[in-house]
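Working through the structure, step by step
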Amino acid sequence: MERHRLLDETSGTAPERFLLTLARKALDFVPSEAAVLLLDDPIAKEDDRSRNELTVVVTAGEVRDTAVGTRVRPVDGIAGFTYARGERTAVNEIKGARALSLEADGAFASPVKNVLGVPVVIESHVCGSLVLVNRQEPEGFDARDERLMALFGDTLSLALQNLLDERRAREVARRDSLTALYNDRYFHKKLQQEIDRLAAGADGDLTLLFLDCDHLKKVNDEHGHLAGSQILREVAFVLQRQLAATTSLPCRYGGDEFTVILLDCDLSQGLEISERIRRAIQEWTFLPISIGPGEPALSLKGVITMSIGVASYRRHCSPGRPSAEQKNELLKKADAALYGAKDQGKNCVVAASRESGPPSFSSILLKS
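The following refers to the structure shown. (Residues numbered from 1 in each chain as written. Predicted model: local features only at pLDDT ≥ 70, side-chain atom pairs only at ≥ 80, totals over all residues. Heavy atoms only, no water.)

As for the sheet that holds strand E2 (residues 54-61)
Spatial strand order, E3-E2-E1-E6-E5-E4: six strands in an open sheet with antiparallel pairing. Where the open sheet ends on each side, the last strands, each with one partner, are strand E3 (71-72) and strand E4 (89-91). In terms of strand pairing, E2 meets E3 through two bridges, oriented antiparallel. Across the sheet, the residue bridging to Thr-55 is Arg-71, located in E3. Across the sheet, helix H3 (residues 143-173) is in contact with strand E1 (32-40), E4, strand E5 (115-122) and strand E6 (125-135); its angle to E5 comes to roughly 30°. (Pairing = 2+ DSSP bridges. Helix = DSSP H or I, 4+ residues; strand = E, 2+ residues; numbered from the N terminus. Contact = heavy atoms within 4.5 Å. Axes fitted to C-alpha atoms, helices over the stretch in contact; angles between N-to-C directions.)

See below:
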């Protein structure tokens, strides 16, 4: 679920600061020793909330930083009870109860005396809880505190929903509408950011792949552009599948061309990954089922292949040049290597030449 993707660098406000600000505001509403915000895991989440785990995502006040990341079961404390029931909960005589759990409560600066919890709701779904621990007044939490925290819980939920909506809008703007891969505009932005980082002295490397689908025009001519569009979607799927274990950014560059930024990856590693992609595309059966009324399954295997050009920052960018020039240098090298792959018969991987000067490609060619 996208609400847990709050660490996306596209936000105007760092999510950690945003959530911390919300937790601190809760302490302004109802002065207490500590505030803890917990969220569930959207991937493992079950309809029966009592079976889900919560994770401490941010704390404020008198509580150790080590509490962040702690997992809590709904049956272990008031935070989980509030989440499971989806209702605010106030406990002033704590007795044998816990705020979070037996182990996690050790993170608070003093023993837990009283707790007030409110559920966090996004898109009509309870997704966590916010708890205040140890009211700074001796009598503990009263009915007014409960009303104030109910209002704050609504505000918190709305703020998180607004942040989620903002992230979704930003994500849509940088995605290709056909394949859902990143688009060329975001590709250029991200490539420049990574080259700036390396040019500033960061360790590591970066490898750039230029990929072009072979024979897609033939499929379009014989079977129509609807079939061609579906093939591009399936190519995107194969790319993501092959890149799942890498730190990478696959993009649709335009038409039947794709790019991949491989982070922390040198040229030799990039060539190995490229060959895996090339082989996977060659072995993939495209359009195995009908894509619409009157559209038969085509089951195309070995028809669509991939030509790939490869260049890396350390091997192909001139040291000391401005990072914008290094970016253009890397793009030209990878693009020239792609043309080299086309010239050498398609369905192969070619590494760019290391020499400076006009774009050229080397004789390195991989093809099973």
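What to know about the environment of Ser-290
By the secondary structure assignment, Ser-290 is in the loop between strand E10 (285-286) and strand E11 (300-301). Residue class for Ser-290 comes out partly exposed when judged on its relative accessible area of 41%. As a C-alpha pair, Ser-290 and Ala-79 span 211 residues in sequence and 50 Å in three-dimensional space. Excluding anything up to four places from it in sequence, Ser-290 contacts Glu-295, Pro-296 and Ala-297. Polar side-chain contacts of Ser-290 include one of 2.8 Å to the backbone oxygen of Gly-292. Within the structure, the side chain of Ser-290 is placed 2.4 Å from the backbone oxygen of Glu-295, a separation counted as a polar contact. (Buried < 20%, exposed > 50% of the residue type's maximum accessible area, 1.4 Å probe, protein only. Polar contact = N/O pair within 3.5 Å; in protein donor to acceptor, adjacent residues only side chain to side chain.)

Observations concerning the packing of aromatic side chains
Taken as a whole and judged by the stated rule, the model has five aromatic pairs. Taken together, a centroid distance of 5.6 Å and an interplanar angle of 90° make the contact between Phe-187 and Tyr-253 edge-to-face. A residue pair is termed long-range when its members are at least 10 positions apart, and Phe-187 in helix H4 (residues 184-199) and Tyr-253 in strand E8 (residues 248-254) qualify at 66 residues. Relative accessible area serves as the criterion here: at 26%, Tyr-253 is assigned to the partly exposed category. A network of ring pairs unites the aromatic residues Phe-187, Phe-210 and Tyr-253 as a single cluster. Positioned above the aromatic ring of Tyr-83 is the side chain of Arg-49, whose terminal nitrogen or guanidinium carbon lies 5.9 Å from the ring centre. Note that Arg-175 overlies the ring of Tyr-182, its terminal NZ or CZ placed 3.9 Å from the centroid. (Phe/Tyr/Trp six-rings, centres within 6.5 Å; stacked < 30°, edge-to-face > 60°. Lys NZ or Arg CZ within 6 Å of the ring centre and 35° of its normal.)

Overview of helix H7 (residues 267-283)
End to end, H7 covers 24 Å across 17 residues, agreeing with the expected 24 Å (1.5 Å per residue, within 8%). Among the residues of H7, those classed as buried are Leu-267, Gly-270, Leu-271, Ile-273, Ser-274, Glu-275, Ile-277, Arg-278, Ala-280 and Ile-281. (Expected span 1.5 Å × (residues − 1).)

Topic: the packing of helix H5 (residues 216-223) against helix H6 (residues 225-242)
Two elements in contact, H5 and H6, have axes separated by 7 Å at closest approach and are oriented at 145°. Every residue of H6 that contacts H5 at Leu-216, Val-219, Asn-220 and His-223 is listed here: His-225, Ala-227, Gly-228, Ile-231 and Leu-232. Split by residue class, the contact of H5 with H6 holds five nonpolar, four polar and no charged. (Nonpolar A, V, L, I, M, F, W, Y, C, P; charged D, E, K, R; others polar.)

Here we look at the packing of H4 against helix H9 (residues 323-343)
Relative orientation of the contacting elements H4 and H9 amounts to 120°, with a least axis distance of 9 Å. The orientation of H4 with respect to H9, classified from their angle, is oblique. The two elements H4 and H9 meet at a crossing, and its hand is right-handed. Residues Phe-187, His-188, Leu-191, Gln-192, Ile-195, Asp-196 and Ala-199 of H4 form the contact with H9, whose participating residues are Ser-323, Ala-324, Gln-326, Lys-327, Leu-330 and Leu-331. For the contact of H4 with H9, the residue count by class is seven nonpolar, four polar and two charged. (Parallel < 35°, antiparallel > 145°, perpendicular 65-115°, else oblique. Left-handed = near helix turned anticlockwise from the far one by under 90°.)

Topic: unusual backbone geometry
Phi at Ser-124 takes a positive value of approximately 70°, unusual for a residue other than glycine. Considering the arrangement of structural elements, one finds Ser-124 in the loop between E5 and E6. With phi around 70°, His-215 is a residue other than glycine that occupies positive phi space. Positionally, His-215 belongs in the loop between strand E7 (206-214) and H5.

Side note on helix H2 (residues 78-85)
Residues of H2 that are buried: Ile-78, Ala-79, Gly-80, Thr-82 and Tyr-83. Where the residues of H2 are buried, they touch E1, E2, E4, E5 and E6. Where H2 terminates, the next one or two residues include Gly-86, which has phi positive at roughly 70°.

Some words on the nonpolar core
Leu-211, Ile-231 and Ile-277 are the most contacted members of the largest nonpolar core, which has 34 residues in total. Breaking this core down by element, the ones donating at least two residues are E7, H5, H6, strand E9 (257-263), H7, strand E12 (305-312) and strand E13 (349-352). The greatest single-element share of this core, amounting to seven residues, is contributed by H6. Apart from residues no more than four positions distant in its own chain, Leu-211 is found in contact with Leu-239, Asp-256, Glu-257, Phe-258, Thr-259, Val-260, Ile-277, Met-306, Ser-307, Ile-308 and Leu-338. Within the second largest apolar cluster, 26 residues are counted, among which are Leu-19, Ala-23, Val-30 and Leu-116. (Core = buried A, V, L, I, M, F, W, Y, C linked by side-chain atoms within 4.5 Å.)

Description of the environment of Cys-265
For Cys-265, the position within the fold is in the loop between E9 and H7. For Cys-265, a relative accessible area of 5% puts it in the buried group. Placed 161 residues apart in sequence, Cys-265 and Ala-104 show a C-alpha to C-alpha distance of 40 Å. Those residues in contact with Cys-265 that sit more than four places away from it in its chain are Asp-205, Leu-206, Thr-207, Gly-270 and Ile-273.

Notes on the pairing of E12
Burial analysis of E12 places eight of its eight residues in the buried class, the great majority of the element. Side-chain alternation along E12 places Thr-305, Ser-307, Gly-309 and Ala-311 on one buried face and Met-306, Ile-308, Val-310 and Ser-312 on a second face that is also buried. With three bridges joining them, E12 and E13 adopt parallel strand pairing. Note on E13: the bridge partner recorded for Ile-308 is Val-349.

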